[in-house]
Protein chains: 2
Amino acid sequence: MAKWIWYYGDFELYHHRELSLSRVERGKGMPPFWKIYDCHRNAEFGKTVEIMKPERLRTVFDGIGYLTLDGERMRCDKEVTIPAGQHSLIFSVANAAGIPAVWAQGETFGTDETWLCGEGIRSAGNLSKFDTNAGAWDLCDPEERPSDYQLPAEPVEIKSVTPVEGGELIDFGKEVYARLTLEGADPGVPLTLVYGESIPEAMSEEHAVRSIKITPESGNVELKGAACRYVRVLGEQLPEKITAVCELLPLEKRGSFSSEDPQLTKIWNTCEYTLHLNSRLFYLDGIKRDGWVWSGDAYQSYLLNYYCHFDKDIIKRTTLALRGGDPIACHINTILDYSFFWFMGLRDYLGYTGDRSFICEVYDRAKTLMEYCMLREGPEGLVQGLDYDWTFIDWADMRKDGALCAEQMLYCAALESMGLCAEVAGHHEEAVQYAEKAAALRKKITELYWDEEAGAYLTTVVKGEPVKEVRRHQNILAVLLGFAAEDRGKRILANVLENEDIPPITTPYFKLYEMEALCRLGRTEEMISWVQAYWGGMLDLGATTFWEEFDPRMSGDEHLAMYGEPYDKSLCHAWAAGPIYLFGRYLLGAAPTGEGYSTFEVQPALNAGDFAGVVPTPRGDIKVEVKEGRCIVRTSLSGGVFIRGEERYPIIPDTENRF
Amino acid sequence: MAKWIWYYGDFELYHHRELSLSRVERGKGMPPFWKIYDCHRNAEFGKTVEIMKPERLRTVFDGIGYLTLDGERMRCDKEVTIPAGQHSLIFSVANAAGIPAVWAQGETFGTDETWLCGEGIRSAGNLSKFDTNAGAWDLCDPEERPSDYQLPAEPVEIKSVTPVEGGELIDFGKEVYARLTLEGADPGVPLTLVYGESIPEAMSEEHAVRSIKITPESGNVELKGAACRYVRVLGEQLPEKITAVCELLPLEKRGSFSSEDPQLTKIWNTCEYTLHLNSRLFYLDGIKRDGWVWSGDAYQSYLLNYYCHFDKDIIKRTTLALRGGDPIACHINTILDYSFFWFMGLRDYLGYTGDRSFICEVYDRAKTLMEYCMLREGPEGLVQGLDYDWTFIDWADMRKDGALCAEQMLYCAALESMGLCAEVAGHHEEAVQYAEKAAALRKKITELYWDEEAGAYLTTVVKGEPVKEVRRHQNILAVLLGFAAEDRGKRILANVLENEDIPPITTPYFKLYEMEALCRLGRTEEMISWVQAYWGGMLDLGATTFWEEFDPRMSGDEHLAMYGEPYDKSLCHAWAAGPIYLFGRYLLGAAPTGEGYSTFEVQPALNAGDFAGVVPTPRGDIKVEVKEGRCIVRTSLSGGVFIRGEERYPIIPDTENRF
């Protein structure tokens, strides 16, 4: 069965462009401030095909195009017959606004990712200049052009309809990404729809992020999808019937978690739903706002994915979308650290999935991005954002000037990732160079930023002088990225993480890393307590998905406000689904030690109550059950090691391993 | 008055994309085989503005956008008030399918090309990272978005309507680019329109390049523009009335030429009309087919322009469109020599217009294109097309393998142009490098390709060995590009140009260069004879514009055929307007010797009959009248020298200079 093919990465660049430019707030389009790359406008696709007898070839273009058969240009808008024998087939395709793509089906062959793609090649040329393999997903329907791709949708029930002044309030009973259909509307009679993640938002036409006015031209109106739990419909004459579907990427819920504490179970399940809603073609930060792809947010979503849906494709799509095109105009999302997280995502991808082919496919793009990053190196080899780069790390009261410790640590991890990728992609010399550069930087960081007196890493070095400021961020990263050999780890725990004088982390974004650092330093119970308080707190307030931010000290509608607007807080935010990762990685305790779980460890939390769950891998599932401090592991995978303290035991496949 | 502004070059890239992808042949879209670049999808525009009192600012976006005023993001879809004082204004604009552009008008300031543009900059940032000045033309109407720009049109009279089977045949009496309006059409009744540059084409629905079927939805239908002299309209019920406008770039006919031979006068005027129809936003090859921008063709159009319309803007637009975006994927039109002509166009532009600012604006793009060209250098420093480059030179029976002499000469001229441009753009060291490289190449060409025995330049060197093939092309270029010091010029004339054993030039494209070479070598009468025979021959056959190709030996409809199709020959082709240049440059004899005619020469043909004409310059016109071997020159320009043989006389401004 033939697939639609395009220039590798074009599908992602095009749909990323579409979503990036579709943010609308209170009726006005809001474009991102980083460069939006686009797909090609034209491309060629070629393959040498050998057939035993003549075949009829059916071709459909997304755009316009023609076929060059053995150097001879021909139209192929109707079926053409390819004679028996060996032939060079090259499709030239252009699309002024969408993705130049082709679907072609013969009897024994069809377009797929084994075809090559190129740009600006004389179509009579041979296949030698073609750049790379074409891009493809499993899009096989010639009637559905890749430019028009829409996520599938499933019906969603309306839980209640309540009359309100001037109309009615629809409640789906939970957060959804709803496409509404209005049936039996009065043509010519205006309607207003106010979407809300909360009732107060839906009740405020002025402040709701999304409120639209329409005047139906016919009785039936299909509206675009939007994030909401509630929709208030207003008008002189309401539609007879409103139905809705919820757009949802089909994902298998391979991972699971349940605890003797039902709230922890509910937290995991609500996290999974939150993540699922934010899993569209790419990982979004939030489905109501921004609805954009942010590299730091996406990096966390990848980690969650590995313990939940284990869907490689959304990670590949997101990675390609974030990388963008060439020449590179700015850091990913303009943020220095977000470029580094992109590389770290590749390292994790390789570790969890073992999919070397994707690493090879993106290697050239990774290399050019790394070259761009290296332009931020000062004479000492330390990176520092230029004045139009955004040195982010976190929304936090900390020095952002000079060469930040946290940026160096992330840069070091990015270089190490590139060392791995280069090796996988067959560039051994480059791999050695990256690795040596990373090792030198690692040594420098360890010496330059560590303050013996504070027993902690300092925030930054300004004009060669370390600044005596201690913050959690660089110390958390030190624990996670290997800058805290045993003694330093303990001191960081005491002097920073458990030191109330150090300003607390206030965002769920960095809180995930702080919790992970605590788990690494043996404070898993603290992580659980935090999860219970923070996520439990949201559940207590009726959350059906988790929020961009939560401060238990607030009350009422205060929880809904953000960025100076009363209802702008996203109530379905991907980075709020962190417990999926924390539970999978540190309660169930499974993680790969070889690429794609070729080898792996299971080191569950044995003093954190009773719980059970499944960790998905590319080779099958790992089932972990902890009860009264003992553990059962079931899996078909070989290569596993069970760890309890200093003890290590082999995990025997296809048996009940009791530890 | 505020102007629409965009990222420098975006207007050209976008509209070039549009026209490149709008070629339709017999109902099917035909995309180019070279890479189509696109404009930005988003960009920022910034300026520091100082105002004495508060001003109301009105803003319109092509796309969506917002304003960042002194680092504070704000909407500006309604009028906003800017307080008195100094302010940083930054507009962020995005456009998913068109040009991100902004028009903003205060009371004392507005958007124009003094604003800076950038990409991927945090909008709160300062102006330091902005790349360059914004692009702008004189588009000042906030209601007309740059993405929707259309050439103006003027009414065109229908000369006759003749009944034909099933409908009628409209004749405009001359070639036009017509937008038809059908009035009083029968809604629902299908109509067929067959466009023809000739009657036979209009009579052939099957073979006409453009034939469309429409079913009017209402009584009035406005059709897109198309090239034609005739339109056959077919249908059960014809529209009551058909009117048409002809799309035409407004151009002043500053140059002129008239001769005692009325046919030469008519040739010049028909050339001017041919060139004018092909002068759209960019110089097209032909208006019926391909309707594309080809660098070699455009280069000739520039030369014609300087002796006729002297419109800098179309040259700038065409130059930017041809250069395309980054990274460079292929040579311009995939043709090695066409990249070189692009640089030569810059040299001529500087010489004729003296406009240094444009050279500065495109210098970076020129440099990266030159870097791309240099990748074609072999170890000897000779360029050679890679297997996916098109080594064109001309449609001719000549060796195209190895390192072609003609390519080296063009490369040398391109390097010399870059030397000039670098100096103008303030890059002295680079200028020296280019000049030295060109000088070394010039020496090598002069030694390596000259064959003393043949008394001519050889076509190519294959694997270090000169191939004993003599063709006109490299010898013509030798004369034009300074590889034929006196003796060699004479030998080339005798051994090649006037040697019937050397295969003749068959395309009007290279014929222009051959004629120019003959003029340079003192054979102006041959040029005139040729023009009389070739262009006169087309006029004798009723041409209202000149053709892509003309072979006097053909008869009847044979003249209309090309590329295996009976009516595919373009009957309005820019490169057929060459006499404008030949007459201006070699009969009237005016040419700049300093940038922008700061100094110039007039060296008219004094033995070629009586004629008179005007040569436009950026500083005013030069009027030349030749009668009975004597010449009168009138101009307001200083710096002129009149040349007759070895004699040189100053031209006194504002008087009647009689020589």
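(A) Layout of the overall build of chain A. If you tally the helices and strands in chain A, you get 14 helices and 33 strands. By the compact-globule yardstick of 26 Å for 659 residues, chain A fits well, its C-alpha radius of gyration being 27 Å. When the backbone C-alpha atoms are referred to their principal axes, chain A occupies close to 75 × 70 × 60 Å. A total of 659 residues make up chain A; the buried ones form 61% of that total. Considering only contacts in chain A between residues 6 or more positions apart, those separated by 24 or more positions represent 71%. Accessible surface for chain A amounts to roughly 24900 Å². Of this, 49% is attributable to carbon and sulfur atoms. Considering chain A, the positive charge centre built from 68 side chains and the negative charge centre built from 102 side chains are found 2 Å apart.

(B) Fine view of the packing of helix H1 (residues 10-20) of chain B against helix H5 (residues 312-323) of chain B. All names here are of chain B. At their nearest, the axes of H1 and H5 sit 8 Å apart, and the two run at 70° to each other. The angle between H1 and H5 places the two elements in the roughly perpendicular class. Residues Phe 11, Glu 12, Leu 13 and His 16 of H1 touch H5, and the partners they reach there are Arg 317, Leu 320 and Ala 321. The class makeup of the residues in the contact of H1 with H5 is 4 nonpolar, 1 polar and 2 charged.

(C) Here's a closer look at empty space enclosed by the protein. Residues and elements named next belong to chain B. With the rule as written, the count across this model stands at 4 cavities of 30 Å³ or more. Each pocket or cavity is described by its volume, and for the largest cavity that value is around 170 Å³. The wall of the largest cavity is formed by 18 residues, among which Lys 35, Tyr 37, Ala 321, Leu 322 and Gly 324 lie closest to the centre. For the lining of the largest cavity, the elements supplying multiple residues, two or more each, are H1 and H5. Split into classes, the residues belonging to the lining of the largest cavity amount to 10 nonpolar, 5 polar and 3 charged. Residues from two domains meet in the lining of the largest cavity; each of domain 1 (5-148) and domain 4 (324-503) gives at least three. Considering only enclosed or pocket space, the second largest cavity measures out at about 130 Å³ in volume.

(D) Spatial organisation of H1(B). Residue and element names in this part refer to chain B. Burial of H1 is extensive: 10 of the 11 residues sit out of reach of the surface. Restricting attention to buried positions, one finds in H1 the residues Asp 10, Phe 11, Glu 12, Leu 13, Tyr 14, His 15, His 16, Arg 17, Leu 19 and Ser 20. Buried residues belonging to H1 abut strand E1 (5-6) and H5.

(E) Representation of the interface of chain A and chain B in the model. Listed as interface residues are 46 residues of chain A and, on the opposing side, 46 residues of chain B. Interface of chain A and chain B: buried area, both sides summed, is about 4100 Å²; carbon and sulfur atoms make up 57% of it. One can count 4 salt bridges joining chain A with chain B. With a closest N to O distance of 2.9 Å, Arg41(B) and Asp38(A) form a salt bridge. Put simply, the parts of the chain that give the side of chain A that touches chain B at least two residues each are helix H1 (10-20), strand E3 (28-29), strand E4 (42-51), strand E6 (64-69) and strand E9 (85-94) of chain A. No other element matches the 3 residues that E6(A) contributes to the side of chain A that touches chain B. Across the side of chain A that touches chain B, the residue classes tally to 17 nonpolar, 11 polar and 18 charged.

(F) Here's a closer look at the domain arrangement of chain A. All names here are of chain A. Taken as a whole, chain A is organised into domain 1 (5-148), domain 2 (153-247), domain 3 (250-294 + 507-585), domain 4 (324-503) and domain 5 (588-658). Computed from C-alpha atoms alone, the centre-to-centre distance between domain 2 and domain 3 is 27 Å. Taken residue by residue, the interface counts 16 residues in domain 2 and 18 residues in domain 3. Where domain 2 touches domain 3, the interface holds 3 salt bridges. Of the charged contacts in the structure, one is a salt bridge between Glu 197 and Lys 288, with a shortest N-O distance of 3.4 Å. Counting every contact that joins domain 2 to domain 3 gives 7 residue pairs in polar contact (both at pLDDT 80 or more). When residues of the side of domain 2 that touches domain 3 are traced back to their parent elements, those giving at least two are strand E15 (167-183), helix H2 (199-202), strand E19 (226-235) and strand E20 (241-247). Tallying contributions element by element places E15 first for the side of domain 2 that touches domain 3, with 5 residues.

(G) Region of the structure containing the relation of the copies chain A and chain B. It takes a turn of 180° to lay chain A on chain B, together with a shift of 0.0 Å along the axis; the resulting RMSD is 0.0 Å. Given the turn and translation reported, the copies of this chain are related as if by a two-fold rotation axis. Of the interface residues in chain A, 100% have counterparts in chain B that sit at the interface too, so the contact is made through matching surfaces.

(H) Examining the sheet that holds E1(B) more closely. All names here are of chain B. Taking strand neighbours across the sheet as the criterion, the 4 strands line up as E1-E10-E5-E8 in an open arrangement whose pairing is antiparallel. Edge positions in the sheet fall to E1 and strand E8 (80-82), since each has one partner strand and no second. Sheet topology places strand E5 (residues 55-62) next to E8; 3 bridges connect them, and they run antiparallel. Bridge pairing in E8 places Glu 55 opposite Ile 82.

(I) Geometry of the pairing of strand E31 (residues 640-644) of chain A. All names here are of chain A. Pairing of strand E27 (residues 600-602) with E31 involves 3 bridges; the strand directions are parallel. Bridge pairing links Phe 600 to Gly 640 in E31. Relative to strand E32 (residues 647-651), E31 runs antiparallel, the two being bridged by 5 bridges. Note on E32: the bridge partner recorded for Val 641 is Pro 650. Counting the residues between successive antiparallel strands, the hairpin from E31 to E32 contains 2 residues, one of them, Gly 645, with a positive phi of roughly 60°.

Cut-offs used in this document
Residues numbered from 1 in each chain as written. Chains lettered and ligands numbered in written order. Predicted model: local features only at pLDDT ≥ 70, side-chain atom pairs only at ≥ 80, totals over all residues. Heavy atoms only, no water. Helix = DSSP H or I, 4+ residues; strand = E, 2+ residues; numbered from the N terminus. Rg over C-alpha atoms; globule rule 2.2 N^0.38 Å. Buried < 20%, exposed > 50% of the residue type's maximum accessible area, 1.4 Å probe, protein only. Contact = heavy atoms within 4.5 Å. Areas by Shrake-Rupley, 256 points an atom, 1.4 Å probe, with all protein chains shown as cover. Lys, Arg positive; Asp, Glu negative; His and termini not counted. Charge placed at Lys NZ, Arg CZ, Asp CG, Glu CD. Axes fitted to C-alpha atoms, helices over the stretch in contact; angles between N-to-C directions. Parallel < 35°, antiparallel > 145°, perpendicular 65-115°, else oblique. Nonpolar A, V, L, I, M, F, W, Y, C, P; charged D, E, K, R; others polar. 1 Å grid on protein atoms, 1.4 Å probe; cavity = no way out; pocket = protein on both sides within 12 Å on 5 of 7 lines; lining within 4 Å. Points joined across faces, edges and corners; volume = space filled by probe spheres on them. Domains from an automatic or database assignment. Buried area = accessible area lost by both parts, 1.4 Å probe. Salt bridge = Lys/Arg side-chain N within 4 Å of Asp/Glu carboxyl O. Polar contact = N/O pair within 3.5 Å; in protein donor to acceptor, adjacent residues only side chain to side chain. Least-squares fit on C-alpha atoms with pLDDT ≥ 70 in both. Pairing = 2+ DSSP bridges.

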